Amino acid sequence: ERRPRRLQSRIARRIARTMSFATQAAASDGAKKPQEPKAPVKAVELDGGAALKIMKHCADAAPGSATGQLLGLDIGASLDVTACFPFPKVTADDQYDPDGSFAAEEGAAYQLDMMRCLREINVDSNIVGWYQSTYLGTFYNEDLIATFLSYSESLQRCVCVAYDPTYAEQGVCALKALKLSEKFIEAYKNGNGELTVEQIHEKGLKWNDVVVEVPLTIRNSALATAVMGELMRDKDVTLNDTDYERLDLSTAPFVEENMKLLGECMEDFANEQQRVAYYQRNMQRYQSQHAHWLHKRRQENARRRAAGEDLLPEEDPNYKAPQPPSRLENFLITNQVAEHVTHLENFTKKTAAKLDLVTALGK
């Protein structure tokens, strides 16, 4: 398998372990399913200190993955993330293992201990979601959906903050707050854990209605803002200071990796189309065979009715209609394609501006 695929599978496995940790910790901490529905999350306010912790943890773990817990307050239409802590990854003999993690029981106990310690020092200890690192925006997968649904068993509103260290190297604040849309959650639950065509048409669900991005704001306390202003006061900044690193024209590695991942997504999308076409062929074959069998059975019942015999049932238990494939994977692949295209569009726009500037300076 190719490296990006192996990396995505490792991230998915760790997210699945994260899901079990958070669910057990929330249940053990006395979290109960809310009785009254709350308004959807409209915004996320992330404390500056928590943002730096997330960035450092994800950058230190690169090129591997990193996950952690988000703590804060659920106020009105916004989630206020004020603190966070990472999930450890060690083996049974306390040795660091990049592909290992705590067992589910040990992970939940670790979370409870961390939240009790934070509560003792007057830090918010309410779970509001989790954060995770990603590689070039490859976070649209079924494990992300499963994690959200697992959190929803204890929390009515939660978010996932995704951070991409690779994208951050291009000079962008690569923090995103994600949540499941209410339309998708309702359609998924009504379909008994499957995203069927009937539910898609009934809810008017589109590919961009599965995982939606929530506006994220990084907020600093008044004391931190005053300290930063004091530090900048004595700094000598002149108009002649230049930063030539901003004119770096090396675009090949970033664009190449995005194009490679985009090509893989298109291959996955073609495979999903083949699955749908295979299902449609099987359904047509089934309908033809069932219509032929039903026609013969009705003829037999007509003969029996004329002879005064008992009628045979017109339902054949041997004929089972093929199960339709879930459209969730198709929607997630489409979201992933849109994510890569957005990255390429934003990056190439900046590169084109740099080229125009360098060309003007060279004349």
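Residues numbered from 1 in each chain as written. Predicted model: local features only at pLDDT ≥ 70, side-chain atom pairs only at ≥ 80, totals over all residues. Heavy atoms only, no water.

With that settled, consider the overall build of the protein chain. The helix and strand tally for the protein chain stands at ten helices and eight strands. Counting every position in the protein chain, which comprises 363 residues, the buried fraction comes to 38%. In the protein chain, 77% of the contacts between residues at least 6 apart in sequence involve partners at least 24 apart. Total accessible area on the protein chain is roughly 21100 Å²; 53% of this is exposed by carbon and sulfur atoms. (Helix = DSSP H or I, 4+ residues; strand = E, 2+ residues; numbered from the N terminus. Buried < 20%, exposed > 50% of the residue type's maximum accessible area, 1.4 Å probe, protein only. Contact = heavy atoms within 4.5 Å. Areas by Shrake-Rupley, 256 points an atom, 1.4 Å probe, with all protein chains shown as cover.)

Glancing now at the confidence of the model for the protein chain. Predicted confidence across the protein chain gives a mean pLDDT of 76, with 79% of residues reaching 70 or more. Here helix α1 (residues 3-28) is the element of the protein chain with the lowest mean pLDDT, 48, and strand β5 (residues 159-163) is the one with the highest, 90. Every residue in residues 25-35 scores below 50 in pLDDT, and together they form 18 contacts with partners more than four places removed in sequence or on other chains. (pLDDT = per-residue confidence, 0-100.)

Here we come to the pairing of strand β4 (residues 126-133). For β4, the tally of buried residues reaches seven of eight residues, placing the bulk of the element in the interior. Two strands pair when backbone bridges link them, and strand β2 (residues 67-75) and β4 are joined in this way by six bridges, in the antiparallel orientation. Directly across from T67, in β4, lies its bridge partner Q132. For β4 and β5, the ladder comprises five bridges, and the chain directions are parallel. Bridge assignment links W130 to a residue of β5, and that residue is C160. Handedness of the crossover joining β4 and β5 through helix α4 (residues 142-152) is recorded here as right-handed. (Pairing = 2+ DSSP bridges. Right-handed = clockwise from strand over helix to strand, strands pointing away.)

With that settled, consider the sheet that holds strand β1 (residues 43-47). An order of β7-β6-β5-β4-β2-β3-β1-β8 is seen for the eight strands of this open sheet, with the pairing classed as mixed. For this open sheet the edge positions go to β7 (211-214) and β8 (216-219), each flanked by a neighbour on one side alone. Shown here is a sheet whose adjacent strand axes are inclined to one another by a mean of 35°, direction ignored. Packing of helix α2 (residues 48-61) onto the sheet brings it into contact with β1, β2, β3 (78-86), β4, β5, β6 (175-180) and β8, and relative to β1 it is tilted by some 80°. (Axes fitted to C-alpha atoms, helices over the stretch in contact; angles between N-to-C directions.)

This part is about the nonpolar core. Generally speaking, soluble globular proteins have nonpolar side chains that are buried together. Judged by nonpolar contacts, the single largest core of 33 residues is most densely connected at I145, F148, F184, L195, V210, V211 and L328. For this core, the secondary structure elements donating two or more residues are β3, α3 (104-120), β4, α4, β5, β6, α6 (182-190) and α10 (328-362). Of all the elements, α4 adds the most residues to this core, at five residues. Excluding residues that lie within four positions of it along the chain, F184 makes contacts with I145, L195, L205, D209, V210 and L328. Core analysis: the second largest hydrophobic core is formed by 28 residues, I54, C58, A174 and A177 among them. (Core = buried A, V, L, I, M, F, W, Y, C linked by side-chain atoms within 4.5 Å.)

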